[in-house]
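Architecture at a glance
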Amino acid sequence: MADQKYVTLHDDGRVNGNVEISHQVIEILLGIATSQVEGVYEMRGTISNRINSLFGRMNHGKGVDVAFEDDNVTADVFVYLEYGVSIPKVSLEIQRSAIEQLKFMTDINLSQINVHVVGLIAKKPNGDVERVTTDKKE
């Protein structure tokens, strides 16, 4: 199923036709659900994501990798958290929120979600932001 670009939702047979959801849509849903969790500063992105954001183009699926194998859907989310938050609590809330949103919006069960905290963002008293990371992709 790795070569497919869409996930097909199965019906109980009452309606003719298919519903197909792009993998990118699932990444966007998970990215938005993750970004809305309190304590998440931002998602990990690439240089092109940063350049696009300067021009006002947001990629809500950045920092999310989704894999499909048989009937299992797994996701990896890569986040920067605000300095001072409880990493385990925020990570559990990210998992809960992502599972709930994906189930509600697509009826797809997320079998596994891995949260990768790739850095912390510390806000200085003067308003500057200090990025503390060991992420090689930055």
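Residues numbered from 1 in each chain as written. Predicted model: local features only at pLDDT ≥ 70, side-chain atom pairs only at ≥ 80, totals over all residues. Heavy atoms only, no water.

Defined as follows: UniProt positions are given in the numbering used here, feature names are shortened, and annotations may be inferred rather than shown by experiment.
As annotated in an unreviewed UniProt entry, the chain carries the name Alkaline shock protein and comes from Companilactobacillus ginsenosidimutans. Check the Sequence similarities (unreviewed entry) section of the UniProt entry for the chain; it says "Belongs to the asp23 family."

1. What about the pairing of strand β4 (residues 64–69)?
To keep it simple, the criterion reads: Buried residues are those whose accessible area, probed at 1.4 Å on protein chains only, stays under 20% of the maximum for their type, while exposed residues exceed 50% and partly exposed ones sit between those limits. In DSSP terms, a helix is any run of H or I states spanning at least four residues, a strand is any run of E spanning at least two, and both are numbered starting from the N terminus. For two strands to count as paired, DSSP must find a minimum of two bridges between them.
Of the two faces of β4, only the one carrying Val-64, Val-66 and Phe-68 is buried; Asp-65, Ala-67 and Glu-69 on the other face are not. Of the strand pairs in this sheet, β4 and strand β5 (residues 72–82) are connected by 6 bridges, and their pairing is antiparallel. In the strand pairing of β5, Glu-69 is matched with Asn-72. Joining the antiparallel neighbours β4 and β5 is a turn of 2 residues, in which Asp-70 adopts a positive phi near 55 degrees.

2. Concerning the packing of aromatic side chains
Cut-off, in case you're wondering: A pair of aromatic rings is counted whenever rings of Phe, Tyr or Trp (Trp by its six-membered ring) have centres within 6.5 Å, and the orientation is called stacked for planes under 30 degrees apart, edge-to-face for over 60 and tilted otherwise. Lysine NZ or arginine CZ positioned within 6 Å of the ring centre and within 35 degrees of the ring normal marks a charge as sitting over the ring.
Under the counting rule described, the total for this entry stands at 0 aromatic pairs. The ring of Phe-78 has Arg-44 sitting right over it, with the charged end atom 4.0 Å from the ring centre.

3. Quick word on the pattern of salt bridges
Condition: Salt bridges are defined by distance alone: a side-chain nitrogen of Lys or Arg within 4 Å of a carboxyl oxygen of Asp or Glu.
For the structure on display, the rule yields 3 salt bridges. Its salt-bridge partner being Glu-93, residue Arg-96 comes within 2.4 Å of it at the nearest N-O pair. Taken together, the residues span about one helical turn, with Arg-96 and Glu-93 both in helix α3 (residues 87–106) at a distance of 3 residues. In this structure, a network of salt bridges that share partners links the residues Glu-93, Arg-96 and Glu-100.

4. Quick word on the confidence of the model for the chain
Selection criterion: The predictor's confidence in any single residue is recorded as pLDDT, a number from 0 to 100. Should any heavy atoms of two residues lie within 4.5 Å, those residues are counted as being in contact.
Counting all residues, the mean pLDDT for the chain is 80, and 73% of those residues have values of 70 or more. Here residues 46–60 scores under 50 on pLDDT; set against residues more than four positions off or in separate chains, the count is 11 contacts.

5. Things to note about α3
Note the cut-off: Expected span of a helix: the number of residues minus one, times 1.5 Å. By definition, the arc is the one covered by directions from the helix axis to the C-beta atoms.
Taking 1.5 Å per residue, 20 residues should reach 28 Å; α3 reaches 28 Å between its end C-alpha atoms and fits that length. Looking only at α3, the buried set comprises Val-90, Ser-91, Ile-94, Ser-97, Ala-98, Leu-102 and Thr-106. Buried residues of α3, seen end-on, are gathered within an arc of 130 degrees and therefore sit on one face of the element. Those residues of α3 that are exposed and angled more than 90 degrees off the buried face are Pro-88, Lys-89, Leu-92 and Phe-104. Of the residues one or two after α3, Asp-107 is the one with positive phi, at around 65 degrees.

6. Description of the environment of Thr-74
The residue Thr-74 is located in strand β5 in this model. Relative accessible area serves as the criterion here: at 22%, Thr-74 is assigned to the partly exposed category. C-alpha separation for the pair Thr-74 and Asn-109, spaced 35 residues apart in sequence, amounts to 9.3 Å. The residues touching Thr-74, leaving out its near neighbours within four places in the chain, are Asp-65, Val-66, Ala-67, Leu-110, Ser-111 and Gln-112.

7. A look at the nonpolar core
How we decide: Put simply, a nonpolar core is a bunch of buried Ala, Val, Leu, Ile, Met, Phe, Trp, Tyr and Cys residues held in one set by side-chain atoms that sit within 4.5 Å of each other.
By size, the foremost hydrophobic cluster in this structure holds 22 residues, and its most contacted members are Ile-26, Leu-30, Val-40, Val-66, Ile-94, Leu-102 and Leu-110. Every element with two or more residues in this core is listed here: α1 (23–35), β3 (40–43), β4, β5 and α3. No other element matches β5, which puts 5 residues into this core.

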